[in-house]
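Remarks on the overall topology
Given next are the chains, with one letter for each unit.
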Amino acid sequence: DHGPVAIQVRDLPEALHAVAAGAGIIMVDTGDITDLRAIAAALVERDLRRKVRLAFGGGARVEDLPEIHHAGADAVDLGRTIINAPIIDLRMRISR
């Protein structure tokens, strides 16, 4: 078993199409929390929300996590935040 199929969407019609096609994870990858909120609400209204997990990405920042969670996300892609994180100097001097 490979787990649920994840489909990246930009709007509600794409999200509904993905659910109808059997997606287990809907990735709202617009970076706009309003899109996430609208898709989550529409899935609840159509009694489809329990069938899928919602993920959110597109520039999400750590400080946005509470709002993203409140908007309905089950998971968040913090890729850009991780890639742009400051580098920590971990050099060590080893001596005998």
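Details of the structure are given in the entry above.
Now for a look at the structure at hand. The residue numbering used here restarts from 1 in each chain and proceeds along that chain's sequence as written. Thresholds applied to this predicted model are a pLDDT of at least 70 for local features of residues and 80 or more for the giving and counting of side-chain atom pairs; totals over whole chains, interfaces and linings are not thresholded and use all residues. Water and hydrogen atoms play no part in the side-chain values, which are based on all heavy atoms of the structure.

A few words on helix α1 (residues 12-20). Each residue is placed in one exposure class: buried if its accessible area under a 1.4 Å probe, protein chains only, is under 20% of its type's maximum, exposed if it is over 50%, and partly exposed if it falls in between. Each helix is a run of H or I in the DSSP string that is no shorter than four residues. Each strand is a run of E no shorter than two, and both are numbered from the N terminus. For α1, the complete set of buried residues consists of Ala15, Ala18 and Val19. Summarising the axial view, the buried residues of α1 lie within an arc of 100°, below the 170-degree limit, and thus occupy one face. Exposed residues pointing more than 90 degrees away from the buried face of α1 are listed as Pro13, His17 and Ala20. Every residue pair with non-hydrogen atoms within 4.5 Å of one another is taken to be in contact. Buried residues belonging to α1 abut β1 (6-9), β2 (25-28) and α2 (33-45). One side-chain oxygen at the N-terminal end of α1 lies 3.0 Å from the backbone nitrogen of Glu14; it belongs to Asp11. Residue Gly22 follows α1 closely and has a positive phi angle near 100°. Starting at the helix axis, one direction is taken to each C-beta atom, and the arc is that of these directions. The term polar contact refers here to a pair of N or O atoms within 3.5 Å; inside protein, the definition further demands a hydrogen-donor-capable atom paired with an acceptor-capable atom, and it admits residues adjacent in sequence only when both atoms are side-chain atoms.

This brings us to the nonpolar core. Joining through side-chain atoms within 4.5 Å is the link that ties buried Ala, Val, Leu, Ile, Met, Phe, Trp, Tyr and Cys residues into a set, and such a set is a nonpolar core. Counting residues in each nonpolar core, the largest one holds 20 residues, and the members touching the most others are Ile26, Val28, Leu36, Leu54 and Phe56. Secondary structure elements with two or more residues in this core: α1, β2, α2, β3 (53-56) and α3 (65-71). For this core, the element with the highest residue contribution is α2, accounting for five residues. Filtering out sequence-adjacent residues up to four positions away, Val28 remains in contact with Val9, Asp35, Leu36, Ile39, Leu54, Ala55, Phe56 and Gly57.

Structurally, Arg49 is set in the loop between α2 and β3. For Arg49, the side chain forms a polar contact with the side chain of Asp74, separated by 2.8 Å. Discounting residues that sit within four places of it in the chain, Arg49 has contacts with Ala40, Leu43, Val44, Leu54, Gly72 and Asp74.

Let us now look at the pairing of β3. DSSP calls a pair of strands paired once it identifies at least 2 bridges connecting them. For β2 and β3, the ladder comprises four bridges, and the chain directions are parallel. Looking across to β3, one finds that Met27 is bridged to Ala55. Note on handedness: a crossover is taken as right-handed if, strands pointing away from the viewer, the path from the first strand over the helix to the second is clockwise. Crossover β2 to β3 through α2 is right-handed. Pairing of β3 with strand β4 (residues 75-76) involves two bridges; the strand directions are parallel. Its bridge partner being in β4, Phe56 is matched across the sheet by Val76.

This part takes up the pairing of β2. Two faces belong to every sheet, and in a regular strand the side chains alternate between them. In β2, alternate side chains face the same way, and those of Ile25 and Met27 on one face and Ile26 and Val28 on the other are all buried. Following the chain from β1 across α1 to the adjacent parallel β2, one finds a crossover that is right-handed.

To estimate how far a helix should reach, multiply one less than its number of residues by 1.5 Å. Between its terminal C-alpha atoms α2 stretches 18 Å, which fits the 18 Å expected from 13 residues at 1.5 Å a residue. Those residues of α2 hidden inside the fold are in contact with β1, α1, β2, β3 and α3.

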